[in-house]
Amino acid sequence: MGSGTLPGLRSQVTSITRSHIRAIAELGAAMEDVVPLWFGEGDTPTPEFIRAATAESLARGETFYTPNRGIGPLRQAIADYLTGLHARPVALNRVTATLSGMNAIMLAMQTIVDPGDRVVIVAPVWPNVREAVRVLGGEPVEVPLARDPDSGRFSMDLDRVLDACDARTKAIFVNSPGNPTGWVMPDSQVAALLDAARARGIWVLSDEVYSRLVYDGSAHAPSFLDHAAPDDPLIVINSFSKAWSMTGWRLGWLITPPGLGDLLGKLTEFNVSCATTFVQHGGIAALRGGEGYVAGLVARYGRARRTIVEGLLSMRRVRVAEPEGAFYAFFSVDGESDSVALAYRLLHEARVGLAPGLAFGNGGEAHLRLCFAASDTLLNRALDRLRPVLDA
Ligand SMILES: Cc1ncc(COP(=O)(O)O)c(C=O)c1O
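Please read all numbers here as calculations on a predicted model, not as lab measurements.

The rules we used
- Residues numbered from 1 in each chain as written.
- Predicted model: local features only at pLDDT ≥ 70, side-chain atom pairs only at ≥ 80, totals over all residues.
- Heavy atoms only, no water.
- Helix = DSSP H or I, 4+ residues; strand = E, 2+ residues; numbered from the N terminus.
- Rg over C-alpha atoms; globule rule 2.2 N^0.38 Å.
- Buried < 20%, exposed > 50% of the residue type's maximum accessible area, 1.4 Å probe, protein only.
- Contact = heavy atoms within 4.5 Å.
- Core = buried A, V, L, I, M, F, W, Y, C linked by side-chain atoms within 4.5 Å.
- Domains from an automatic or database assignment.
- Buried area = accessible area lost by both parts, 1.4 Å probe.
- Salt bridge = Lys/Arg side-chain N within 4 Å of Asp/Glu carboxyl O.
- Pairing = 2+ DSSP bridges.
- Near = heavy atom within 4 Å.
- Polar contact = N/O pair within 3.5 Å; in protein donor to acceptor, adjacent residues only side chain to side chain.
- Areas by Shrake-Rupley, 256 points an atom, 1.4 Å probe, with all protein chains shown as cover.
- Right-handed = clockwise from strand over helix to strand, strands pointing away.
- UniProt positions renumbered as here; feature names shortened; annotations may be inferred.
- Expected span 1.5 Å × (residues − 1).
- Arc of directions from axis to C-beta.

Q: Any chance you could explain the overall build of the protein here in plain terms?
A: Looking only at helices and strands, the protein features 13 helices and 15 strands. The C-alpha atoms of the protein give a radius of gyration of 21 Å, which matches the 21 Å a tight globule of 392 residues would have. The dimensions of the protein, computed from C-alpha atoms along their principal axes, are 60 × 60 × 50 Å. Looking at the protein as a whole, 57% of its 392 residues are labelled buried. For the protein, the share of sequence-separated contacts (at least 6 apart) that also reach a separation of at least 24 residues comes to 74%.

Q: Where do I start with the nonpolar core in this structure?
A: Across soluble globular proteins, nonpolar side chains have a tendency to be buried as a group. In this structure, Met109, Phe173, Trp244, Leu312, Phe327, Phe331 and Leu386 are the most contacted members of the largest nonpolar core, which totals 129 residues. A total of nine residues in this core trace back to one element, the largest contributor, which is helix H11 (residues 291-313). Trp244 has contacts with Thr46, Pro47, Ile50, Tyr81, Ser239, Trp253, Ala286, Leu287, Gly290, Tyr293 and Val294, leaving out every residue within four places of it along the chain.

Q: How do you make sense of the domain arrangement of the protein when you look at a structure like this?
A: When the parts of a complex come together, some accessible area is lost, and that lost area is often used as the size of the interface. One can read the domain layout of the protein as domain 1 (11-46 + 292-386) and domain 2 (62-290). Inter-centroid distance (C-alpha atoms) of domain 1 to domain 2 is 24 Å. Between domain 1 and domain 2, the contact holds 37 residues from the first and 40 residues from the second. Three residues, Val294, Glu324 and Asn362, lead the burial of domain 1 against domain 2; their summed loss comes to 20% of the area buried on that side. For the pair domain 1 and domain 2, the interface holds one salt bridge.

Q: Looking at this model, I keep getting lost on the sheet that holds strand S12 (residues 328-333). Mind explaining?
A: Through backbone hydrogen bonds, the strands of a sheet pair up, either in parallel or in antiparallel fashion. If you walk across this open sheet you meet the four strands as S11-S12-S15-S14, and the pairing is antiparallel. Strands with a single pairing partner mark the edges of an open sheet, and in this sheet they are strand S11 (318-319) and strand S14 (355-356). Pairing of S14 with strand S15 (residues 367-371) involves two bridges; the strand directions are antiparallel. Its bridge partner being in S15, Ala355 is matched across the sheet by Arg369.

Q: Hey, could you run me through the site of the ligand in this one?
A: Taken together, 14 residues surround the ligand, and among them Gly101, Asp207, Ser239, Ser241 and Arg250 come closest. The contact in question runs from an oxygen atom of the ligand to an N or O atom on the side chain of Ser239, over 2.6 Å. Here Lys242 contributes a side-chain N or O atom positioned 2.7 Å from an oxygen atom of the ligand. Coverage of the ligand by the protein amounts to 94% of the 390 Å² it exposes when considered alone. Counting residues per element, the shell around the ligand draws most heavily on helix H5 (residues 101-112), at three residues.

Q: Any chance you could explain the pairing of strand S4 (residues 139-144) here in plain terms?
A: If a strand is regular, its side chains alternate between the two faces of the sheet. With six bridges connecting them, strand S3 (residues 118-123) and S4 associate as parallel partners. When the sheet's bridge partners are listed, Val120 is paired in S4 with Val141. For the handedness criterion, the β-α-β arrangement of S3, helix H6 (residues 127-135) and S4 is classed as right-handed.

Q: In this structure, what is going on with the UniProt feature "domain: Aminotransferase class I/classII large" (unreviewed entry) in the protein? I would like to understand it.
A: Those places that UniProt annotates as "domain: Aminotransferase class I/classII large" (unreviewed entry) correspond, in this numbering, to residues 39-386. Summarising residues 39-386: 39% helix, 17% strand, and an end-to-end C-alpha distance of 18 Å.

Q: Explanation requested: the side chain of Asn103 in the structure shown.
A: Within the element layout of this structure, Asn103 appears in helix H5. Non-local contacts of Asn103, meaning those with residues more than four positions away in its chain, are made with Thr98, Asn271 and Val272.

Q: I tried to follow helix H8 (residues 187-200) on my own but got confused; where do I start?
A: Residues separated by three or four positions in an α-helix point in the same direction, a consequence of the helix having 3.6 residues per turn. Taking 1.5 Å of rise per residue, 14 residues should cover 20 Å, and H8 covers 20 Å from first to last C-alpha, within 8% of that figure. When we look at burial in H8, the residues that qualify are Gln189, Val190, Leu193, Leu194, Ala196 and Ala197. Buried residues of H8, viewed axially, fall in a sector of 165 degrees; they line one side. Across H8 from its buried face, at more than 90 degrees, point the exposed residues Ser188 and Ala199. Those residues of H8 that are buried lie in contact with helix H7 (158-163), strand S7 (169-175) and strand S8 (203-207). Residue Gly201 follows H8 closely and has a positive phi angle near 70 degrees.

Right, dumping it as C-alpha coordinates:
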(Lines give C-alpha, C1' and ligand atoms only; values in the text may rest on other atoms or scores of the structure.)
Protein backbone atom coordinates (compact mmCIF):
# COMPACT_ATOMS: atom_id res chain seq x y z
CA MET A 1 0.00 0.00 0.00
CA GLY A 2 1.20 3.53 -0.72
CA SER A 3 2.35 5.81 2.07
CA GLY A 4 1.66 9.16 0.39
CA THR A 5 -0.69 11.87 1.67
CA LEU A 6 -4.31 10.79 1.63
CA PRO A 7 -6.78 12.82 -0.43
CA GLY A 8 -8.85 15.39 1.45
CA LEU A 9 -10.95 14.33 4.43
CA ARG A 10 -13.74 16.27 6.11
CA SER A 11 -12.38 18.42 8.92
CA GLN A 12 -15.33 17.38 11.09
CA VAL A 13 -14.09 13.82 10.81
CA THR A 14 -10.35 14.40 11.23
CA SER A 15 -11.05 16.50 14.33
CA ILE A 16 -12.98 13.76 16.11
CA THR A 17 -11.28 13.12 19.43
CA ARG A 18 -10.86 9.73 21.02
CA SER A 19 -13.29 9.02 23.80
CA HIS A 20 -11.62 9.29 27.22
CA ILE A 21 -13.82 6.40 28.33
CA ARG A 22 -12.70 4.10 25.52
CA ALA A 23 -9.05 5.08 26.11
CA ILE A 24 -9.07 4.14 29.77
CA ALA A 25 -11.15 1.01 29.13
CA GLU A 26 -8.72 -0.22 26.47
CA LEU A 27 -5.80 0.29 28.83
CA GLY A 28 -7.64 -1.43 31.68
CA ALA A 29 -8.72 -4.36 29.53
CA ALA A 30 -5.07 -5.19 28.97
CA MET A 31 -4.43 -5.25 32.74
CA GLU A 32 -5.08 -8.12 35.13
CA ASP A 33 -7.75 -8.11 37.81
CA VAL A 34 -9.52 -4.80 37.14
CA VAL A 35 -13.12 -4.14 38.30
CA PRO A 36 -14.61 -2.62 35.12
CA LEU A 37 -17.30 -0.04 35.89
CA TRP A 38 -16.54 2.39 33.06
CA PHE A 39 -19.16 1.53 30.46
CA GLY A 40 -22.91 2.07 30.61
CA GLU A 41 -24.20 -1.45 30.56
CA GLY A 42 -25.36 -4.16 32.92
CA ASP A 43 -23.44 -7.36 33.58
CA THR A 44 -26.25 -9.81 32.81
CA PRO A 45 -27.07 -11.21 29.37
CA THR A 46 -30.39 -10.41 27.66
CA PRO A 47 -33.25 -12.45 29.22
CA GLU A 48 -34.03 -15.83 27.73
CA PHE A 49 -37.53 -14.98 26.42
CA ILE A 50 -36.09 -12.25 24.20
CA ARG A 51 -33.27 -14.46 22.95
CA ALA A 52 -35.77 -17.25 22.24
CA ALA A 53 -38.03 -14.99 20.15
CA THR A 54 -35.01 -13.94 18.11
CA ALA A 55 -33.83 -17.52 17.67
CA GLU A 56 -37.33 -18.48 16.48
CA SER A 57 -37.26 -15.67 13.92
CA LEU A 58 -33.91 -16.91 12.65
CA ALA A 59 -35.20 -20.48 12.55
CA ARG A 60 -38.12 -19.26 10.41
CA GLY A 61 -35.55 -17.88 7.97
CA GLU A 62 -36.38 -14.22 8.59
CA THR A 63 -33.10 -12.95 7.22
CA PHE A 64 -34.28 -10.47 4.58
CA TYR A 65 -34.49 -6.65 4.47
CA THR A 66 -37.45 -5.12 6.26
CA PRO A 67 -39.23 -1.81 5.55
CA ASN A 68 -36.95 1.13 6.36
CA ARG A 69 -38.88 2.12 9.49
CA GLY A 70 -39.10 -1.44 10.81
CA ILE A 71 -41.60 -4.30 10.60
CA GLY A 72 -45.22 -3.42 11.31
CA PRO A 73 -45.54 -5.63 14.42
CA LEU A 74 -42.49 -4.01 16.07
CA ARG A 75 -43.68 -0.49 15.30
CA GLN A 76 -47.13 -1.40 16.63
CA ALA A 77 -45.57 -2.93 19.77
CA ILE A 78 -43.64 0.32 20.36
CA ALA A 79 -46.80 2.43 19.84
CA ASP A 80 -48.82 0.17 22.20
CA TYR A 81 -46.07 0.13 24.82
CA LEU A 82 -45.78 3.93 24.88
CA THR A 83 -49.54 4.42 24.80
CA GLY A 84 -49.84 2.13 27.82
CA LEU A 85 -47.08 3.92 29.68
CA HIS A 86 -47.76 7.59 29.02
CA ALA A 87 -50.59 10.04 29.51
CA ARG A 88 -51.16 10.55 25.78
CA PRO A 89 -51.46 7.94 23.03
CA VAL A 90 -48.64 7.44 20.53
CA ALA A 91 -49.89 6.48 17.06
CA LEU A 92 -48.13 4.06 14.74
CA ASN A 93 -47.34 6.78 12.20
CA ARG A 94 -45.03 8.48 14.72
CA VAL A 95 -42.84 5.40 15.27
CA THR A 96 -39.59 4.56 13.48
CA ALA A 97 -37.48 1.59 14.59
CA THR A 98 -33.75 2.36 14.48
CA LEU A 99 -30.53 0.41 14.64
CA SER A 100 -29.81 1.49 18.25
CA GLY A 101 -30.29 4.61 20.32
CA MET A 102 -27.09 6.01 18.82
CA ASN A 103 -28.50 5.58 15.32
CA ALA A 104 -31.68 7.28 16.52
CA ILE A 105 -29.64 10.25 17.77
CA MET A 106 -27.74 10.48 14.49
CA LEU A 107 -30.94 10.28 12.40
CA ALA A 108 -32.52 13.01 14.51
CA MET A 109 -29.47 15.24 14.07
CA GLN A 110 -29.29 14.53 10.32
CA THR A 111 -32.91 15.61 10.06
CA ILE A 112 -32.34 18.91 11.79
CA VAL A 113 -28.72 20.10 11.79
CA ASP A 114 -27.31 22.07 8.84
CA PRO A 115 -23.64 23.10 8.95
CA GLY A 116 -23.33 26.10 11.27
CA ASP A 117 -26.53 25.33 13.18
CA ARG A 118 -26.40 25.19 16.94
CA VAL A 119 -27.83 22.55 19.25
CA VAL A 120 -28.10 23.53 22.90
CA ILE A 121 -27.30 20.47 25.00
CA VAL A 122 -28.00 20.10 28.70
CA ALA A 123 -24.70 18.84 30.13
CA PRO A 124 -22.82 16.91 31.43
CA VAL A 125 -23.97 14.45 28.80
CA TRP A 126 -23.00 11.24 27.02
CA PRO A 127 -20.15 12.42 24.70
CA ASN A 128 -21.68 10.85 21.56
CA VAL A 129 -24.42 13.49 21.52
CA ARG A 130 -21.96 16.35 21.17
CA GLU A 131 -19.93 14.48 18.56
CA ALA A 132 -23.01 13.68 16.45
CA VAL A 133 -23.67 17.43 16.16
CA ARG A 134 -20.02 18.13 15.33
CA VAL A 135 -19.72 15.42 12.67
CA LEU A 136 -22.58 17.12 10.80
CA GLY A 137 -20.84 20.49 10.96
CA GLY A 138 -23.12 21.83 13.67
CA GLU A 139 -22.09 23.52 16.87
CA PRO A 140 -22.93 21.96 20.23
CA VAL A 141 -23.57 24.55 22.95
CA GLU A 142 -23.43 22.89 26.35
CA VAL A 143 -25.33 24.35 29.28
CA PRO A 144 -24.31 22.70 32.55
CA LEU A 145 -26.74 21.55 35.19
CA ALA A 146 -26.31 23.34 38.49
CA ARG A 147 -24.81 21.22 41.27
CA ASP A 148 -25.41 21.88 44.92
CA PRO A 149 -21.91 21.89 46.45
CA ASP A 150 -23.00 20.20 49.69
CA SER A 151 -25.56 17.62 48.63
CA GLY A 152 -24.07 17.04 45.18
CA ARG A 153 -27.59 17.20 43.69
CA PHE A 154 -28.03 18.32 40.11
CA SER A 155 -30.78 20.61 38.83
CA MET A 156 -31.55 22.42 35.58
CA ASP A 157 -31.87 26.19 35.36
CA LEU A 158 -34.39 26.40 32.51
CA ASP A 159 -33.80 30.13 31.97
CA ARG A 160 -30.12 29.45 31.47
CA VAL A 161 -30.92 26.82 28.85
CA LEU A 162 -33.31 29.16 27.04
CA ASP A 163 -30.88 32.09 27.26
CA ALA A 164 -28.31 29.96 25.43
CA CYS A 165 -30.66 29.69 22.41
CA ASP A 166 -30.10 32.22 19.63
CA ALA A 167 -31.14 32.66 16.01
CA ARG A 168 -28.84 29.83 14.95
CA THR A 169 -30.23 27.35 17.47
CA LYS A 170 -32.23 24.56 15.88
CA ALA A 171 -32.79 22.30 18.86
CA ILE A 172 -32.43 21.72 22.57
CA PHE A 173 -31.15 18.26 23.48
CA VAL A 174 -31.98 16.92 26.89
CA ASN A 175 -31.32 13.50 28.40
CA SER A 176 -33.37 12.60 31.47
CA PRO A 177 -32.75 10.40 33.40
CA GLY A 178 -29.28 11.63 32.64
CA ASN A 179 -26.06 9.89 31.78
CA PRO A 180 -23.74 10.52 33.65
CA THR A 181 -25.52 12.47 36.41
CA GLY A 182 -28.62 10.38 37.18
CA TRP A 183 -30.54 13.68 37.22
CA VAL A 184 -34.26 13.42 36.44
CA MET A 185 -36.04 16.44 34.95
CA PRO A 186 -39.13 17.33 37.01
CA ASP A 187 -42.43 17.06 35.15
CA SER A 188 -43.05 20.82 35.50
CA GLN A 189 -39.79 21.52 33.65
CA VAL A 190 -40.68 19.02 30.92
CA ALA A 191 -43.91 20.93 30.31
CA ALA A 192 -42.22 24.34 30.51
CA LEU A 193 -39.41 23.39 28.14
CA LEU A 194 -41.89 22.05 25.59
CA ASP A 195 -43.93 25.27 25.83
CA ALA A 196 -40.81 27.38 25.29
CA ALA A 197 -39.71 25.30 22.29
CA ARG A 198 -43.18 25.61 20.73
CA ALA A 199 -43.13 29.38 21.24
CA ARG A 200 -39.66 29.78 19.75
CA GLY A 201 -40.12 27.30 16.91
CA ILE A 202 -37.18 25.12 17.86
CA TRP A 203 -36.98 21.36 18.32
CA VAL A 204 -36.76 19.43 21.54
CA LEU A 205 -34.67 16.29 21.20
CA SER A 206 -35.44 14.18 24.24
CA ASP A 207 -33.21 11.19 24.94
CA GLU A 208 -35.31 8.90 27.13
CA VAL A 209 -33.21 5.73 26.96
CA TYR A 210 -33.13 5.50 30.78
CA SER A 211 -36.84 6.35 31.11
CA ARG A 212 -37.70 3.12 33.00
CA LEU A 213 -34.71 3.24 35.36
CA VAL A 214 -36.06 5.44 38.17
CA TYR A 215 -35.99 4.64 41.86
CA ASP A 216 -38.95 6.50 43.35
CA GLY A 217 -41.45 3.77 42.54
CA SER A 218 -42.78 5.46 39.37
CA ALA A 219 -43.16 3.37 36.23
CA HIS A 220 -41.14 5.89 34.24
CA ALA A 221 -39.42 9.26 34.51
CA PRO A 222 -41.36 12.38 33.50
CA SER A 223 -41.51 12.29 29.71
CA PHE A 224 -42.24 14.70 26.89
CA LEU A 225 -44.65 12.03 25.65
CA ASP A 226 -46.88 12.81 28.63
CA HIS A 227 -47.35 16.37 27.36
CA ALA A 228 -46.76 16.56 23.61
CA ALA A 229 -49.35 16.70 20.85
CA PRO A 230 -48.38 14.68 17.76
CA ASP A 231 -47.37 17.76 15.77
CA ASP A 232 -45.24 19.39 18.44
CA PRO A 233 -41.60 20.03 17.49
CA LEU A 234 -40.46 17.02 19.47
CA ILE A 235 -38.30 13.99 18.68
CA VAL A 236 -37.99 11.33 21.37
CA ILE A 237 -35.04 8.95 21.25
CA ASN A 238 -35.21 5.55 22.93
CA SER A 239 -33.42 2.22 22.95
CA PHE A 240 -33.80 -1.40 24.00
CA SER A 241 -30.25 -1.36 25.40
CA LYS A 242 -30.78 -0.36 29.01
CA ALA A 243 -34.20 -1.49 30.32
CA TRP A 244 -34.08 -4.90 28.58
CA SER A 245 -30.30 -5.49 28.82
CA MET A 246 -29.85 -5.49 25.04
CA THR A 247 -26.78 -3.29 24.50
CA GLY A 248 -25.18 -5.55 21.89
CA TRP A 249 -28.36 -6.01 19.85
CA ARG A 250 -28.42 -2.47 18.49
CA LEU A 251 -32.13 -1.68 18.47
CA GLY A 252 -33.88 1.57 19.30
CA TRP A 253 -36.65 3.86 18.15
CA LEU A 254 -37.69 7.41 17.37
CA ILE A 255 -41.01 9.10 18.04
CA THR A 256 -41.55 12.06 15.74
CA PRO A 257 -44.39 14.13 14.34
CA PRO A 258 -46.19 12.00 11.72
CA GLY A 259 -45.06 14.37 8.95
CA LEU A 260 -41.43 13.32 9.44
CA GLY A 261 -42.13 9.63 8.91
CA ASP A 262 -41.43 9.35 5.16
CA LEU A 263 -38.34 11.45 5.49
CA LEU A 264 -36.98 9.27 8.28
CA GLY A 265 -37.63 6.19 6.17
CA LYS A 266 -35.53 7.68 3.36
CA LEU A 267 -32.77 8.77 5.74
CA THR A 268 -32.70 5.29 7.27
CA GLU A 269 -32.34 3.83 3.77
CA PHE A 270 -29.12 5.78 3.28
CA ASN A 271 -27.72 5.01 6.72
CA VAL A 272 -28.49 1.38 7.53
CA SER A 273 -31.53 0.55 5.31
CA CYS A 274 -33.30 -1.07 8.28
CA ALA A 275 -32.66 -2.53 11.72
CA THR A 276 -31.58 -6.18 11.77
CA THR A 277 -34.61 -8.33 10.91
CA PHE A 278 -34.49 -11.06 13.58
CA VAL A 279 -33.41 -8.53 16.23
CA GLN A 280 -36.68 -6.68 15.59
CA HIS A 281 -38.51 -9.84 16.68
CA GLY A 282 -36.53 -9.80 19.93
CA GLY A 283 -37.72 -6.21 20.39
CA ILE A 284 -41.37 -7.26 20.06
CA ALA A 285 -40.89 -9.92 22.76
CA ALA A 286 -39.20 -7.37 25.04
CA LEU A 287 -42.09 -4.92 24.79
CA ARG A 288 -44.95 -7.43 24.82
CA GLY A 289 -43.63 -9.59 27.67
CA GLY A 290 -40.91 -7.60 29.43
CA GLU A 291 -42.66 -5.77 32.28
CA GLY A 292 -41.71 -8.37 34.90
CA TYR A 293 -38.13 -8.27 33.73
CA VAL A 294 -37.97 -4.46 33.83
CA ALA A 295 -39.44 -4.41 37.36
CA GLY A 296 -36.85 -6.95 38.54
CA LEU A 297 -34.03 -4.96 36.96
CA VAL A 298 -35.13 -1.72 38.60
CA ALA A 299 -35.30 -3.47 41.98
CA ARG A 300 -31.82 -4.90 41.52
CA TYR A 301 -30.30 -1.62 40.32
CA GLY A 302 -32.07 0.16 43.19
CA ARG A 303 -30.28 -2.10 45.70
CA ALA A 304 -26.98 -1.60 43.87
CA ARG A 305 -27.52 2.16 43.97
CA ARG A 306 -27.90 2.04 47.77
CA THR A 307 -24.76 -0.09 48.17
CA ILE A 308 -22.70 2.28 46.04
CA VAL A 309 -24.00 5.56 47.44
CA GLU A 310 -23.65 4.42 51.06
CA GLY A 311 -20.21 2.98 50.34
CA LEU A 312 -18.98 6.13 48.60
CA LEU A 313 -20.47 8.44 51.24
CA SER A 314 -18.57 6.57 53.94
CA MET A 315 -15.31 7.71 52.31
CA ARG A 316 -14.16 11.03 53.70
CA ARG A 317 -13.27 12.80 50.45
CA VAL A 318 -16.26 11.75 48.34
CA ARG A 319 -19.31 13.91 47.59
CA VAL A 320 -22.20 12.21 45.90
CA ALA A 321 -25.95 12.58 45.71
CA GLU A 322 -28.30 9.65 45.28
CA PRO A 323 -28.94 9.47 41.54
CA GLU A 324 -32.69 9.64 40.87
CA GLY A 325 -32.45 7.60 37.69
CA ALA A 326 -30.19 5.71 35.22
CA PHE A 327 -27.45 3.51 36.71
CA TYR A 328 -24.54 5.79 37.43
CA ALA A 329 -23.03 7.45 40.48
CA PHE A 330 -21.40 10.71 39.40
CA PHE A 331 -19.22 11.83 42.28
CA SER A 332 -16.51 14.34 43.10
CA VAL A 333 -13.51 13.88 45.37
CA ASP A 334 -12.30 16.71 47.61
CA GLY A 335 -8.85 17.91 46.57
CA GLU A 336 -9.07 16.36 43.10
CA SER A 337 -9.80 18.53 40.08
CA ASP A 338 -8.30 16.50 37.23
CA SER A 339 -10.72 13.66 36.52
CA VAL A 340 -8.56 12.01 33.85
CA ALA A 341 -5.50 11.89 36.14
CA LEU A 342 -7.62 10.55 39.01
CA ALA A 343 -9.27 7.88 36.82
CA TYR A 344 -5.84 6.63 35.68
CA ARG A 345 -4.57 6.69 39.26
CA LEU A 346 -7.55 4.64 40.43
CA LEU A 347 -7.03 2.21 37.58
CA HIS A 348 -3.39 1.62 38.53
CA GLU A 349 -3.56 1.88 42.32
CA ALA A 350 -7.03 0.55 43.06
CA ARG A 351 -7.62 -1.57 39.96
CA VAL A 352 -11.08 -0.07 39.50
CA GLY A 353 -12.11 1.22 36.07
CA LEU A 354 -14.19 4.42 36.13
CA ALA A 355 -15.08 6.99 33.47
CA PRO A 356 -13.49 10.44 33.91
CA GLY A 357 -16.01 13.28 34.15
CA LEU A 358 -14.16 15.39 31.59
CA ALA A 359 -15.50 13.04 28.90
CA PHE A 360 -19.02 14.34 29.55
CA GLY A 361 -18.27 17.97 28.73
CA ASN A 362 -19.26 21.16 30.48
CA GLY A 363 -19.81 20.56 34.20
CA GLY A 364 -18.30 17.08 34.06
CA GLU A 365 -14.68 17.78 35.05
CA ALA A 366 -13.65 16.95 38.62
CA HIS A 367 -16.14 14.06 38.71
CA LEU A 368 -15.95 10.34 38.11
CA ARG A 369 -18.74 8.13 36.78
CA LEU A 370 -19.26 4.69 38.23
CA CYS A 371 -21.78 2.35 36.58
CA PHE A 372 -23.50 0.36 39.31
CA ALA A 373 -25.33 -2.10 37.03
CA ALA A 374 -23.15 -4.89 38.40
CA SER A 375 -23.25 -7.71 40.96
CA ASP A 376 -22.96 -7.04 44.71
CA THR A 377 -19.68 -8.93 44.76
CA LEU A 378 -18.17 -6.72 42.09
CA LEU A 379 -19.52 -3.50 43.61
CA ASN A 380 -18.27 -4.36 47.10
CA ARG A 381 -14.88 -5.28 45.67
CA ALA A 382 -14.75 -1.90 43.91
CA LEU A 383 -15.66 -0.07 47.14
CA ASP A 384 -13.01 -1.97 49.15
CA ARG A 385 -10.39 -1.06 46.58
CA LEU A 386 -11.41 2.59 46.24
CA ARG A 387 -11.42 3.20 50.00
CA PRO A 388 -7.63 3.46 50.57
CA VAL A 389 -7.40 6.24 47.93
CA LEU A 390 -10.68 8.09 48.48
CA ASP A 391 -10.86 7.87 52.27
CA ALA A 392 -7.26 9.04 52.76
C1 LIG B 1 -27.82 8.96 27.11
C2 LIG B 1 -27.68 7.85 26.14
N3 LIG B 1 -28.34 7.92 24.98
C4 LIG B 1 -28.25 6.95 24.07
C5 LIG B 1 -27.46 5.85 24.29
C6 LIG B 1 -27.40 4.86 23.19
O7 LIG B 1 -27.70 3.56 23.47
P8 LIG B 1 -27.64 2.46 22.34
O9 LIG B 1 -26.91 3.03 21.17
O10 LIG B 1 -26.91 1.31 22.97
O11 LIG B 1 -29.03 2.12 22.00
C12 LIG B 1 -26.73 5.74 25.47
C13 LIG B 1 -25.83 4.60 25.72
O14 LIG B 1 -25.01 4.60 26.61
C15 LIG B 1 -26.85 6.76 26.43
O16 LIG B 1 -26.20 6.72 27.60
